[in-house]
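# Descriptive structure summary
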Amino acid sequence: MATASAISRNVPFIPAIYNSSRISCLNHLNFAKNLRKIRSISLAVASDGESRTHNEYSNSHKNSRPNNVHGLHSKFLSADLQKSHSNRTVIVKSMESTSGSTSTGILSMVFKVMHLIVSLGIILAMDKYLKKAFIAAAIKFPSALFGMFCVFTVLNVLDFVVPAAATGLMNFFEPAFLFIQRWLPLFYVPSLVVLPLAVKDIPAASGLKIVFIIVAGWLASLSVAGFTAIAVRKMVKTEMIPAEPMSKPSPFSSFELWTWSAIFLISFVSALLYPTVLGTNARTCLPFLLSSTVLGYIIGSGLPSDAKKIFHPIICCALSADVAALAYGQLSQLGINSVLGYYLTKAPSNPGAGDILMGFLGSVIISFAFSMFKQRKLVKRHAAEMFASVILSTVFSLYSTALIGRLIGLEPDLTISVLPRCITVALALSIVSFFEGANSSLTAAVVVLTGLVGANFVQTTLDKFGFQDPIARGIATASSAHGLGTAALSAKEPEALPFCAIAYALTGIFGSLICSVPAVRQSLLAIVG
């Protein structure tokens, strides 16, 4: 009985154990199936990049028992898929951003180039048409100088009536102004390149006298301008104010160097093989002579400061062109004199490299209007010092040159040719055109040589004379050594640049104005003899 009751009490226990074991086995089987499905989903995601969320998987397997294990794996899977999807999105967005910035950069560069072409083209066209109009009207006054006055007047009127319009006009022409400022020394070079042709008929004794006039005259003009500026400043007692910041042109890049080198090599070889491929010898030689000039300037500009004191970039520039002319003359058996004749033909229908460069001289004068307008407040405040120094030094330079030339026995036609030695090339050529028998090539060469003397020695000389005032230093430099001296001083003393720029322009303007007066020309001729 006891045994029976014991069995009867324990009978229900057997199915319970059986059911528990059965449930456990089923759970393990479900877990195995679920695990296999998780792996298959992972492989599918890895193969085709499709992402499935944890909710899609859990909805299809709601009745699975091992929720804790299943949920853990689903969370890791979901996190990995979401991370993969986000990384892919970031890469796509990054590629879109890079592509967008590249296209924007290209468009910006194209816009800048077009802006430069249009603004510079307007100034060149203005110079060209004014020159034609003045020739047709038989007006001897420099046409580019008249254009400069017109631009300066328009800017001042606009500034008085609609200041925003004046600012907009200045901003529009700024790329052209910076282009002219960046390449300014190149426009002086042609006269120095063809110097062997200009002096070949000049006796050696006369050449030494001209060198004496250049050096002694530069030193005297610098002294007069500097001491006059200091004396007037002491009289008027005007306080210094900060000048308007002047935009600086960008330095030369290696891309520009290699591009011009490639142009030189290709055009030089082409000219040797096909001497008249572009119609004439001058046109065929133009590309390699122009590129050799530009290369010399780029290389010279990159020299160390100590080397530039002896080997100025413009000397490097001229030598580079002369060496290229010598090489071509030897290889083609034309001779260097013939090639230099192709460099500067002075024939509009058959221009050479020098004619292209000198064609910018009128634009240089017109561009003075923008620099003067930008510093108009400075001009107004220090007008007494500037105008007194410029007027006195210009008159002194012209008449002292005429007097020294007669005293040392220099031929009258050569003396007339070197009269405007302290005035920038563009206006100096206009001045000597007032006189008959002047050698314009010699004039340009003397002006450039005067600038080179000033560029190399101006800072040391100013220190020796005790000129510490930036106004005196700037005016003395520009009044005696024009653009080249200005560039040399402003590179080390940027605070003197505004005064250099203004005096540089005013010296040329006033020299042209007084030489356009017949009485002044007659008095100079009388002194020369």
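What you are looking at is a predicted structure, and each value in this text was computed from that prediction instead of being measured.

Once that is clear, we can look at the overall build of the protein. Of regular secondary structure, the protein possesses 24 helices and 0 strands. Within the protein, buried positions represent 43% of all 529 residues. Across the protein, the fraction of contacts at a sequence separation of at least 24, relative to all contacts at a separation of at least 6, is 77%. Total accessible area on the protein stands at roughly 27,000 Å², and carbon and sulfur atoms take up 67% of it.

Let us look at the packing of aromatic side chains. One pass over the full model with this rule turns up 16 aromatic pairs. Arranged with centres 5.0 Å apart and planes meeting at 15°, the rings of Phe187 and Phe360 form a pair that is stacked. Remark: Phe360 occurs in the loop between helix H15 (353-358) and helix H16 (361-374) and Phe187 occurs in the loop between helix H6 (163-182) and helix H7 (189-193); sequence separation between them is 173 residues. Residues Phe187 and Phe360 agree in their burial class; the two are buried. Among the aromatic side chains, those forming a connected cluster through ring pairs are Phe264, Phe268, Phe288 and Tyr328. Sitting over the face of the ring of Phe434, Arg521 holds its NZ or CZ atom 5.3 Å from the ring centroid.

To continue, consider the side chain of Thr450. Looking at where Thr450 falls in the secondary structure, it is placed in helix H21 (residues 440-465). Engagement of the side chain of Thr450 in a polar contact is seen with the backbone oxygen of Val446, the distance being 2.8 Å. In contact with Thr450, other than residues within four places in its own chain, are Ile214, Trp218, Arg421, Ser480, Ala481 and His482.

Moving on: the confidence of the model for the protein. The predicted coordinates should not be examined in detail at positions where pLDDT is low. Summarising the model, the protein shows a mean pLDDT of 79, and 78% of its residues fall at 70 or more. Taken element by element, the predicted model of the protein shows its lowest mean pLDDT in helix H1 (residues 2-10) (40) and its highest in helix H10 (residues 254-273) (95). Every residue in residues 1-77 is under pLDDT 50, and counting partners more than four places away or in other chains gives 30 contacts.

Under the 1.5 Å per step criterion, the end-to-end length of helix H5 (residues 143-161) is 27 Å for 19 residues, consistent within 8% with the ideal 27 Å. Burial in H5 covers these residues: Ser143, Ala144, Leu145, Gly147, Met148, Val151 and Leu155.

Now for the packing of helix H18 (residues 383-407) against helix H24 (residues 518-528). Look at H18 against H24: their axes get within 8 Å of each other, and the N-to-C directions meet at 25°. Regarding the angle of H18 to H24, the classification is roughly parallel. Of the residues in H24, those touching H18 at Leu398, Tyr399, Ala402, Leu403 and Arg406 are Val520, Ser523, Leu524, Ala526, Ile527 and Val528.

Right, let's get into helix H11 (residues 281-301). For H11, built from 21 residues, the straight-helix expectation of 30 Å at 1.5 Å per residue is met to within 8% by its first-to-last C-alpha distance of 30 Å. Along H11, the sharpest change in direction is near 35° and occurs at Pro287. Counting buried residues along H11, 16 of its 21 residues qualify, which places the element largely inside the surrounding structure.

This part takes up the side chain of Ser291. Positionally, Ser291 belongs in helix H11. Apart from residues lying up to four places away in sequence, Ser291 is in contact with Trp260, Ile263, Phe264 and Ser267.

Quick look at the pattern of salt bridges now. Within the structure shown, the criterion is met by 5 salt bridges. Note that Asp159 is salt-bridged to Arg376, the shortest N-O span being 3.5 Å. You can see Asp159 sitting in helix H5 and its partner Arg376 sitting in helix H17 (residues 376-381), a full 217 residues away along the chain. Residue Arg182 is joined to Glu256 by a salt bridge in which the shortest nitrogen-to-oxygen separation is 3.0 Å. Taken as a pair, Arg182 in helix H6 and Glu256 in helix H10 lie far apart in primary sequence, 74 residues in all. Look at Arg182 and you get buried, because its relative accessible area is 14%.

Next up on the list: a nonpolar patch on the surface. A surface patch of nonpolar side chains, amounting to about 690 Å² of accessible area, comprises Val269, Leu272, Leu273, Tyr274, Val277, Leu278 and Leu331. In terms of residue count, H10 provides more of the nonpolar patch than any other element does, 3 residues in total. One can find Leu273 in helix H10. For Leu273, a relative accessible area of 58% gives the class exposed.

Looking now at the packing of H18 against helix H23 (residues 497-515). Taken N-terminus to C-terminus, the directions of H18 and H23 make an angle of 50°; their axes are 9 Å apart at the nearest point. Relative to H23, the element H18 lies oblique. Handedness of the H18/H23 crossing: right-handed. Residue-level inspection shows Met386, Phe387, Val390, Ile391, Thr394, Val395 and Leu398 of H18 in contact with H23, the latter providing Phe499, Ile502, Ala503, Leu506, Thr507, Phe510, Gly511, Ile514 and Cys515.

Before going further, it helps to spend a moment on the nonpolar core. Generally speaking, nonpolar side chains in soluble globular proteins are found buried as a group. Counting residues in each nonpolar core, the largest one holds 122 residues, and the members touching the most others are Phe187, Tyr188 and Tyr343. Apart from residues lying up to four places away in sequence, Tyr343 is in contact with Val189, Pro190, Val193, Val194, Leu289, Thr293, Ala321, Gly352, Ala353, Gly354, Asp355 and Leu357.

This part is about unusual backbone geometry. A positive phi angle, close to 60°, is found at Ala138, a residue other than glycine. You can see Ala138 is positioned in the loop between helix H4 (67-136) and H5. Phi is positive for Gln333, close to 65°, though the residue is something other than glycine.

A few words now on the environment of Ser523. Examined against the element boundaries, Ser523 turns out to sit in helix H24. For Ser523, a relative accessible area of 25% translates into the label partly exposed. Separated by 121 residues in the primary sequence, Ser523 and Ala402 have C-alpha atoms spaced 9.9 Å apart.

What counts and how
- Residues numbered from 1 in each chain as written.
- Predicted model: local features only at pLDDT ≥ 70, side-chain atom pairs only at ≥ 80, totals over all residues.
- Heavy atoms only, no water.
- Helix = DSSP H or I, 4+ residues; strand = E, 2+ residues; numbered from the N terminus.
- Buried < 20%, exposed > 50% of the residue type's maximum accessible area, 1.4 Å probe, protein only.
- Contact = heavy atoms within 4.5 Å.
- Areas by Shrake-Rupley, 256 points an atom, 1.4 Å probe, with all protein chains shown as cover.
- Phe/Tyr/Trp six-rings, centres within 6.5 Å; stacked < 30°, edge-to-face > 60°.
- Lys NZ or Arg CZ within 6 Å of the ring centre and 35° of its normal.
- Polar contact = N/O pair within 3.5 Å; in protein donor to acceptor, adjacent residues only side chain to side chain.
- pLDDT = per-residue confidence, 0-100.
- Expected span 1.5 Å × (residues − 1).
- Axes fitted to C-alpha atoms, helices over the stretch in contact; angles between N-to-C directions.
- Parallel < 35°, antiparallel > 145°, perpendicular 65-115°, else oblique.
- Bend = angle between axes of the 7 residues up to and from the residue.
- Salt bridge = Lys/Arg side-chain N within 4 Å of Asp/Glu carboxyl O.
- Patch = residues over 30% accessible without salt bridge, like charges linked within 9 Å, V, L, I, M, F, W, Y side chains within 5 Å.
- Left-handed = near helix turned anticlockwise from the far one by under 90°.
- Core = buried A, V, L, I, M, F, W, Y, C linked by side-chain atoms within 4.5 Å.

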